[in-house]
Structure formats: C-alpha cells, structure tokens
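# Report on the structure
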Amino acid sequence: MIPIRDLFETHLTVADLQRSMAFYGGALGLDLAASFPERGIAFYWLGGRGNAMLGLWESGSGPQRMTLHLAFRVDLADVLDAPSKLRAAGVTPLDFDAQPTDEPVVLAWMPAASLYFRDPDAHLLEFLAMLPDPPRPDLGVVPWSTWQQTLRQDAGAAK
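This section reports on the structure supplied with the text. Throughout this description, residue numbers start from 1 for each chain and increase along the sequence as written. Side-chain atom pairs in this predicted model are given and counted only at pLDDT of 80 or more, local residue features only at pLDDT of at least 70, and totals for whole chains, interfaces and linings cover all residues. Hydrogens and waters are ignored; side-chain quantities use all the structure's heavy atoms.

Each helix and strand in the chain was counted, giving three helices and nine strands. Its helices and strands taken in sequence order, the chain reads β-α-β-β-β-β-α-β-β-β-β-α from the N to the C terminus. The dimensions of the chain, computed from C-alpha atoms along their principal axes, are 65 × 40 × 30 Å. In the chain, which comprises 159 residues, the share counted as buried stands at 35%. When checking whether two residues touch, look at their non-hydrogen atoms; a contact exists if any pair is within 4.5 Å. Counted over contacts in the chain with a minimum sequence separation of 6, partners at least 24 positions apart contribute 53%. In short, Shrake-Rupley with a 1.4 Å probe defines the accessible areas, and a residue's cover is counted only from the protein chains shown. Of the accessible surface of the chain, which amounts to about 9,400 Å², a share of 55% is contributed by carbon and sulfur atoms. Taken as two groups, the 12 positive and 19 negative side-chain charges of the chain have centres that lie 2 Å from each other. Numbering of helices and strands runs from the N terminus, with a helix taken as a DSSP run of H or I at least four residues long and a strand as a DSSP run of E at least two residues long. Exposure is judged per residue with a 1.4 Å probe applied to protein chains only, and the accessible area is read against the type maximum: over 50% gives exposed, under 20% gives buried, and values in between give partly exposed. We count Lys and Arg on the positive side and Asp and Glu on the negative side, and we leave His and both chain ends out. To locate a charge, take NZ of a lysine, CZ of an arginine, CG of an aspartate or CD of a glutamate.

Printed below as a string of structure tokens:
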C-alpha cells in the first residue's frame, strides 16, 4: 500500500460563505488561496502555500446541518496565547467539555495541549500542540495549569 505522509486537504460546508471567509481569513488569519463566489467556494492555505488546504463550501441553511471537527497543529506558545487572542477576535475559547475557558487543556494520553472554539457554523475547531513529555493516560484530560503542576510534582519526586 502507498504510505500516507500527511493530510493535505479537508473541507467544511458553511451556510454563508462571506461570513465564513471573514472568520477564517479575518479572525483566524488564514491565507486565501482562491475563491469562486459564483460557485460558493473558498480555499485557504494552512501552514503556507502548498502545505495544506481548507475548503469552504456554501451549502445554505438547511434543517439537517452537520457540524464537524478540525484540529489545527500550532506551536505550544500559540496554544497558550490562544484564549486571549480568540477573545480579542470575538471568539469564545472552550475546554474539552465545550465550556468557556481561560486556559488550554492537556490530552494526557498523547500528550498534547489543546484549545477548542467554534466557527460561525458551529464546527468545532481546535488548536493543538504536541508536548515533549511522556504520555500520562491515567490523567485523562486536565487543564494546562494542572498538567504543569503534575510535571513539577513528578520532577520533585524523581529527586
């Protein structure tokens, strides 16, 4: 079989293309690759031209809309800064349980720092940064501050 190296492209349906373009291009600062308003489509580069792409497809409003989930890999410093930056852009940062938060969570089984938020169509988006620490599946999902405290305690116990 052909080895898959990475994900290049994914797509979301949106109710209002212009509103979504304002969110993804404005609030999130993604680079517009191409738009075809007459067809209700816009494409954004992720991680620079030719790296990966997000397509937005206007489907209008319907009674049976599906919401999806996408995780964007970012640097750890950016995950940590994301709550304030999202709030400044008018976006509510969410924890793993979709509750408003002021700090990322850590998915300890990976481990990865993560922060969630929703786009105008209620798709669940995530900023995620893998952590260099060993996995701790026993911890489940914990706030960033709890993860940091656990690391300090583990380091103190190892001395």
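With that settled, the discussion passes to unusual backbone geometry. Cis geometry is found at the peptide bond from Met 110 to Pro 111, where omega equals -15°. Its place among the elements puts Pro 111 in the loop between strand 6 (105-107) and strand 7 (112-118). In this model, Ala 98 sits at a positive phi of 65°, which is unusual for a non-glycine residue. In this structure, Ala 98 sits in the loop between helix 2 (76-88) and strand 6. Here the phi dihedral of Ala 122 falls at roughly 75°; this positive angle occurs in a residue that is not glycine. The topology assignment puts Ala 122 in the loop between strand 7 and strand 8 (124-130).

So, on to the side chain of Asp 119. Summarising the element assignment, Asp 119 is placed in the loop between strand 7 and strand 8. Polar contacts, as used here, are pairs of N or O atoms within 3.5 Å; protein pairs need one atom able to donate a hydrogen and one able to accept it. Residues neighboring in sequence count only if both atoms are side-chain atoms. Here the side chain of Asp 119 touches Tyr 24 through a polar contact of 2.6 Å, side chain to side chain. Among all residues touching Asp 119, those that are not within four sequence positions of it are Leu 12, Phe 23, Tyr 24 and Leu 125.

This part is about the environment of Lys 85. On the secondary structure map, Lys 85 appears in helix 2. Residues Lys 85 and Leu 54 lie 31 residues apart in sequence; the distance between their C-alpha atoms is 21 Å.

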